[in-house]
Amino acid sequence: MSRRLPTLGWDAIDFIETKLLHPDNTGCPYTLYPEQKDFILRWYAVDDSNPEHPSFVYRRGCFMRPRGFGKSPMLAAISAFELCGSSRPTRIDEDGGIWAQQHPFPQVTLAAVTETQCWNTYRPLLAMLRDSPAESEFELLVQDSYILYPATNGVIERVSSSPDSVKGIRSTFTICDQTEVWMPNNHGDRLFATLLANAGKSGSRILESPNAYIPLTDSVAEKSALYYAQLQENNEPGIMLYDHRPAPADTDIYDPESLREGLIYAYGDAADVNGGHVDINAIMQTVMDPAKEVSESRSDFLNQVVSHSSSYVTVQEWDRAYQHVDVDSVKSIALGFDGSIGRAHGLADSTALVAISLDTAHPIVFPLGVWEQPRDVRGWVPPREEIVNCIDRAFQKYDVKAFFADPHGWEETLINIGNRYSKQLKVKASSSSPVLFATWKTRVLAANLEEMHGAITRGELFQNGNETLREHMMNTMRKPTRDGYLLAKPHPDRKIDCVYAMLLAFIARKYLLTHNIELSQRKARKGSYVSLPD
């Protein structure tokens, strides 16, 4: 449910459009696009639960748009408002009006992993401030190396040095540019962690402006996306403002009309056909140039998160497979289970129970339970009793016709479950057990992985949009072996267990079909009527 909140965004917009110049050096005022205004209004939303001591709703933000959209000038404008605008709420009156003031000692940081990237935001900021109403009104000292506001001794500075050198900086506002290239190999991950820690100590805020990232690269932009997905899954959306609008997943870059529509959607208000500055025809020519990599074009211009070349499925393939399903309306299923035994050091594997529908028009996979180690807990082991109870509830709620499970570490528990429900199960996972599947037979796994991949990409297998399953799928890489491709994770902390559970459910359904088991039993409800015209 949406919540109506007061915002300082209108003050920020008024400051930006009346006191700053356009960065193209024409001398005209800088004007925001409607969608930029919308983001600013949300970014400066104020929590009104304590009117005498109001605070901002969001502590972290991410504004992801394609190249050339105009992210850097917008962030430059926000940094100027943070330096000398009334950017701090002090109280909310009885009429809902916000009283605000300047920060008494503003320290604004523009951060990037290279000096060149820092200039992406700093260069337009210089053009927006020099000879501007803001420069004269606030008597700013606008230098190539820093911008000083003498009245408060406030400053805007660039940071592109090592993580250790920025430790302890008391920044009141931090902008992190192009975080899709902040990676472990350039210490961008450590730089962001340090800036985040600094913000936590001072109670300040961080705003990112990445282009679309490539999964499995451990970039800051990717981790931020995963963090936001986790917040959504835990129903905690108010911590981070995340604004990413990619072109539709079915955009075909080889079809000019589809490409044009995708670009217009991704660029939004900035597209020339919508009154913006971006020449869509010129972008189309760049994208369709054979010298341009398809994956780069999708991430650079369509704002699409493009999968790593070794990914099991691409982001677009997975998102196209989405189909809403009311899990309570599903009656008949097959189950797949991948269990963890915990780990003394590091993050343990997850435990996952995944169902595949048998009585829907197309098979749809959806997790019934996923158990993961909290990052702040050591020596974690999966809650076996809770997991077994979840499996029991699945058998009570659904007509479970097959249940295939990885026996590693769970053999005794799974044998008991198999004995308990053996009469209900229509096929056996192996000749010796109704549920224990021989996951050590890598050739069988490899063949079924190829079948499942084909079913996803051909539109024969669907998923219900579960964020944890999506995260695990996006973590999954293909590992070549002599028996074919198996699944692997790029890092021990990246989990893929939901995908293995999904694979076992997929195989279970395949066995049912092979044995000619009727997948669903439907009966017309008594007393069902429909009115027809005379």
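Relevant structure appears above.
All of these numbers come straight from a predicted model, not from anything done at the bench.

Participant: Account for the overall build of the protein, with residues named and values stated.
Facilitator: The secondary structure content of the protein amounts to 16 helices and 19 strands. Here the C-alpha coordinates of the protein stretch approximately 85 × 60 × 55 Å along the principal axes. Taken over 534 residues, the protein has a buried fraction of 51%. Counted over contacts in the protein with a minimum sequence separation of 6, partners at least 24 positions apart contribute 69%. Surface accessibility of the protein: about 25,300 Å² in total, with carbon and sulfur atoms responsible for 49%. Charge separation in the protein, taken as the distance between the mean sites of 54 positive and 68 negative side-chain charges, equals 8 Å.

Participant: Give a description of the pattern of salt bridges that names residues and reports values.
Facilitator: For the structure on display, the rule yields 26 salt bridges. Glu208 is paired through a salt bridge with Arg60; the nearest N and O atoms lie 3.2 Å apart. Of this pair, Glu208 sits in strand S11 (residues 205–209) while Arg60 is found in strand S3 (residues 60–64), placing the two residues 148 residues apart along the sequence. Residue Lys292 pairs with Glu296 through a salt bridge whose shortest N-O separation is 3.5 Å. The exposure class assigned to Glu296 is partly exposed, which follows from its relative accessible area of 38%. Where salt bridges share partners, they join Glu35, Asp38, Arg42, Arg65, Asp243 and Arg245 into one cluster.

Participant: Account for the pairing of strand S6 (residues 107–111), with residues named and values stated.
Facilitator: Across the 5 residues of S6, 5 count as buried, placing the element largely inside the fold. Every second residue of S6 is oriented toward a common face, with Gln107, Thr109 and Ala111 on one face and Val108 and Leu110 on the other, all of them buried. Strand direction decides the pairing type here: S6 and strand S9 (residues 154–159), joined by 5 bridges, are parallel. Across the sheet, residue Gln107 finds its bridge partner in S9, namely Val155. Inspection of the sheet shows S6 paired to strand S10 (residues 173–177) by 4 bridges, in the parallel sense. Counted as the bridge partner of Ala111 is Cys176 from S10.

Participant: Can you lay out the sheet that holds strand S16 (residues 399–405) for me, pointing to particular residues and giving the numbers?
Facilitator: Taken together, 5 strands build an open sheet; the order of strands is S16-S13-S14-S15-S17 and the sheet is mixed. The open sheet is flanked by S16 and strand S17 (462–463), the only strands paired with a single partner.

Participant: Talk me through the sheet that holds strand S8 (residues 146–149); I want residue IDs and the actual numbers.
Facilitator: Spatially, the 8 strands line up as an open sheet ordered S7-S8-S9-S6-S10-S11-S3-S12, and their pairing is mixed. Each edge of the open sheet carries a strand with a single partner, namely strand S7 (141–142) and strand S12 (240–244). On the sheet, helix H7 (residues 220–233) packs against S3, S11 and S12 and is oriented at approximately 115 degrees with respect to S12.

Participant: Quick rundown of the layout of surface pockets? Include the residues and the values.
Facilitator: When its volume is computed, the largest pocket comes out at roughly 1,100 Å³. What lines the largest pocket is a set of 32 residues, among which Leu226, Tyr227, Gln230, Arg375 and Glu471 lie closest to the centre. If you list the elements that add at least two residues to the lining of the largest pocket, you get helix H6 (188–202), H7 and helix H15 (467–475). A total of 8 residues in the lining of the largest pocket trace back to one element, the largest contributor, which is H7. Here the lining of the largest pocket is composed, by residue class, of 11 nonpolar, 8 polar and 13 charged. The volume enclosed by the second largest pocket comes to roughly 760 Å³. Counting residues per element, the lining of the second largest pocket draws most heavily on H7, which supplies 6 residues. A per-class count over the lining of the second largest pocket returns 17 nonpolar, 8 polar and 6 charged.

Definitions and limits used
Numbering of residues starts from 1 in each chain and follows the order in which that chain's sequence is written. Restriction of local features to residues with pLDDT of at least 70 applies here, the model being predicted, together with a cutoff of 80 or more for giving and counting side-chain atom pairs; totals for whole chains, interfaces and linings are based on all residues. Computation of side-chain values covers all heavy atoms of the structure but excludes hydrogens and water. Helix numbers and strand numbers start at the N terminus; a helix is a DSSP run of H or I with at least 4 residues, a strand a run of E with at least 2. Accessible area is worked out with a 1.4 Å probe on protein chains only. A residue is then buried under 20% of its type maximum, exposed over 50%, and partly exposed in between. Contacts were defined at the residue level, with two residues in contact if any of their heavy atoms lie within 4.5 Å. Here the open area of atoms and residues is found with the Shrake-Rupley method and a 1.4 Å probe, where only the protein chains shown may cover a residue. In summary, the charge assignment counts Lys and Arg as positive and Asp and Glu as negative, without counting His or the chain termini. By convention, charge coordinates are those of NZ in Lys, CZ in Arg, CG in Asp, or CD in Glu. By definition, a salt bridge exists where a carboxyl oxygen of Asp or Glu is found within 4 Å of a side-chain nitrogen of Lys or Arg. Two strands qualify as a pair provided DSSP detects at least 2 bridges between them. Axes, fitted as lines to C-alpha atoms, cover a helix only where it is in contact. Angles between the N-to-C directions of the axes lie from 0 to 180 degrees. A pocket here means an open set of points on a 1 Å grid, computed over the protein atoms alone, that has protein on both sides within 12 Å along at least five of seven lines. A cavity is instead a set of points where a 1.4 Å probe fits but cannot get out; residues with an atom within 4 Å of a point line either one. Grid points are joined across faces, edges and corners, and a volume is the space filled by probe spheres set on the points. For this classification, the nonpolar set comprises Ala, Val, Leu, Ile, Met, Phe, Trp, Tyr, Cys and Pro, the charged set comprises Asp, Glu, Lys and Arg, and every other residue, Gly included, is treated as polar.

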